[in-house]
Amino acid sequence: MRAISIIIVLLLVAVAAFAETYNTPTIDGVVNIAPDDWDADDFAVDDPSDDCRYAPNDPDMDDLYITWDADSLYVGIVTARPPGGFGNGYLIFIDTDAQNGITGATDFTSADYYPRRITFSTMGADVVMGAWNLGGPFMKFCQDPTSTTDVPEQHAVSDTSVKHIEVAVSWNGLFGLGVRAVPANTTLRFIAAIVGGDGTGAYDAMPTSSTGLESDPETPFDAETELDVYYEAVVDNNGDGVPDTGYSPVESTSWGRIKGMFTE
């Protein structure tokens, strides 16, 4: 097992050598690999497209794309199948200061924006984006999930025909430090989820949690689902307070990713 772990880590490091930030994709609700849109190197998470607990009747998280430029963070979400008959929420939770430990929200049961029986143990969410039935994606600060506030300088678009969501948010909107500035050593963590109505748990998560409880069809619709596997991106590795160039989201290492690889 140790030899396999070493090989995987070496492969991840090798892939990460093909770095692509800065990139500025076109935010029109459609994730395309194209010269004026997303790069192949922006592909962060490949989630199974059939692991929603209510598949094939409900949608499923499929792919996550992450990139940035000097001014903004960009997130692309690819999903499978349209919303189910009872409706579905599409969420992405972002820990904007993972370098400081778990400081954001860890329980959304009583949230004022998308109250869901979702908890976290390996990150704290500072920002949540929600889109009901793929419509009107919008981001809010959620350090206190019972008192969320709008994130400024955001642009979020969905396309119901292809079932994609794209989000752009300026670094100043996230951190309020001015143009092209981030806190030193900024590290982001991301978890996306498909949910039902208020009070439901997660029906699918991207990346899949270590237990896979959210994907188990035997799990009650309102069971608490702990999402503990995340995608991590180090935005300011050199600590100069400026978003780094030369970073590749593709297969980058993180505790959440490594944990997911070896948890049965």
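Keep in mind that this is a model prediction, so the values were computed, not measured.

Rules behind the numbers
Residues numbered from 1 in each chain as written. Predicted model: local features only at pLDDT ≥ 70, side-chain atom pairs only at ≥ 80, totals over all residues. Heavy atoms only, no water. Helix = DSSP H or I, 4+ residues; strand = E, 2+ residues; numbered from the N terminus. Contact = heavy atoms within 4.5 Å. Salt bridge = Lys/Arg side-chain N within 4 Å of Asp/Glu carboxyl O. Buried < 20%, exposed > 50% of the residue type's maximum accessible area, 1.4 Å probe, protein only. Polar contact = N/O pair within 3.5 Å; in protein donor to acceptor, adjacent residues only side chain to side chain. Core = buried A, V, L, I, M, F, W, Y, C linked by side-chain atoms within 4.5 Å.

To continue, consider the environment of Ala70. Residue position: Ala70 is located in the loop between strand S2 (60–68) and strand S3 (72–80). Distance in space between the C-alpha atoms of Ala70 and Pro243 is 5.9 Å, their sequence separation being 173 residues. For Ala70, the contacting residues outside a window of four places in its chain are Tyr22, Trp171, Arg180 and Pro243.

Turning our eyes to something else, we now look at the pattern of salt bridges. Overall, the coordinates contain five salt bridges when judged by the stated rule. Residues Arg180 and Asp71 are paired through a salt bridge, measuring 3.0 Å at the closest nitrogen-oxygen approach. Pair noted here: Arg180 is in the loop between helix H2 (171–175) and strand S11 (187–195) and Asp71 is in the loop between S2 and S3, with a separation of 109 residues, a long-range link. In this structure Arg180 comes out as partly exposed when scored by relative accessible area, which is 47%.

Attention now goes to the side chain of Asp228. Counting through the fold element by element, Asp228 comes out in the loop between strand S13 (225–227) and strand S14 (231–234). Take Asp228: its relative accessible area is 5%, and that puts it in the buried class. A polar side-chain atom of Asp228 sits 2.5 Å from a polar atom in the side chain of Ser210.

The biggest cluster of nonpolar side chains holds 37 residues, and the ones touching the most others in it are Leu64, Leu73 and Phe190. Counting residues in each nonpolar core, the second largest holds 20 residues, with Leu91, Tyr113, Ala125 and Ala205 among its members.

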